[in-house]
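As a plain string of letters, each chain reads:
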Amino acid sequence: MSLYPLDARPDHSSSLDISSGRYGEIDLRTELMKTIFGFGSEISKGIPILIRRLRRDSTTLARIKCECVDELTMEPDLDVLCPFCLGEGFKWDEEWHKCYKTVSGSEGSLSRRIEYKGAGKILDETYKFYFPYDANLIQGDRIVEVMLDVEGQIIEPAKRITVWNPNTIENKRLDNGRTEYYIVSCQNSNAIYIDKDTLSYVENP
Ligand SMILES: [Zn+2]
C-alpha cells in the first residue's frame, strides 16, 4: 500500500487572497492574520510585541552565555541590569511582531505546568498570546511586552515592561499539517517585570 505521494500533495498558498480554503473551509492561517494585522474593513486587533530569541551555538545548539555571567556562580548580575542581555544571562536577538493577547484565567492547565508556590495567597494570572504562522516560535523564546499608549501605539522610545518566559508554545498545525498559528501560554509568576523608569526589576505587580 503506497502512502500519499509527496508530489501529489495539493499546493497550499499562504496568500491573503484565499480567505476560505481550497476545499471551502475557513482558512485559519488567513483569518488569524486578518485579525492581528487587519484587512480591508477589518481593524487590526493585534498589539506590537517583541520576540526574544536566544542565540545558540550552531553545532551544539547550546545557548550562548553573556559576558556578565559569573564564572563561579554561573549567574548574571541581577542587581544591576547588564546592558547587553538585560539579566537574561544569555545573548539574544529581538524582533518586532504583532500578536493578540488575552487573559485565560488562573486555571489554564497549559500555562501552569511549571509552578513554584510560596506560602499564602497569590494571584497567578495566566495569559495567552496568539501569533501568526510565520512567528516561528520555539521553546526557549521569550515574549517581551513594551509600553503602549491608550490607542495601542508604542510609546517612543520603546520601553520593555514585561518579559514572559512561556510555559507552553503550541504550534497549531491543521490543514495538511501546516502551521496555522501559535498559542503561547504564560503565567505571572514566571514573568519578569521591569520598572520602566529605572530599568530595574520590580516585584510582580
Ligand atoms: Zn549580560
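The structure displayed is predicted, hence computed values, not measured ones.

A. A look at helix α1 (residues 28-37). For α1, every residue scored as buried is listed here: R29, T30, L32, M33 and I36. Angular distribution of buried residues about the axis of α1 spans 165°; they occupy a single face of the element. Of the residues one or two after α1, G38 is the one with positive phi, at around 80°.

B. Quick peek at the environment of D27. Looking at the secondary structure, you find D27 in the segment before α1. Considering only alpha carbons, one finds D27 and D175, 148 residues apart in sequence, at a separation of 8.3 Å.

C. Quick look at the nonpolar core. Grouped together as the largest cluster of nonpolar side chains are 22 residues, with contacts concentrated most on F129, Y130, F131, L137, I143, Y182 and V184. Looking at this core, the elements that each hand over two or more residues are α1, β1 (47-54), β3 (126-132), β4 (142-146), β5 (160-164) and β7 (179-187). Counting residues per element, this core draws most heavily on β7, at 5 residues. Residues within four places of Y182 in sequence aside, it is in contact with F131, A135, L137, I169, E170, N171 and K172.

D. Quick look at the environment of Y182. Relative to the helices and strands, Y182 resides in strand β7. Taking C-alpha positions, Y182 is 5.5 Å from E170, a pair spaced 12 residues apart along the chain.

Parameters at a glance
- Residues numbered from 1 in each chain as written.
- Predicted model: local features only at pLDDT ≥ 70, side-chain atom pairs only at ≥ 80, totals over all residues.
- Buried ≥ 20, exposed ≤ 12 C-beta atoms within 10 Å, placed from the backbone.
- Helix = DSSP H or I, 4+ residues; strand = E, 2+ residues; numbered from the N terminus.
- Arc of directions from axis to C-beta.
- Core = buried A, V, L, I, M, F, W, Y, C linked by C-beta atoms within 7 Å.
- Contact = placed C-beta atoms within 7 Å.

Read these as layout, nothing more, since geometry by itself doesn't imply function.
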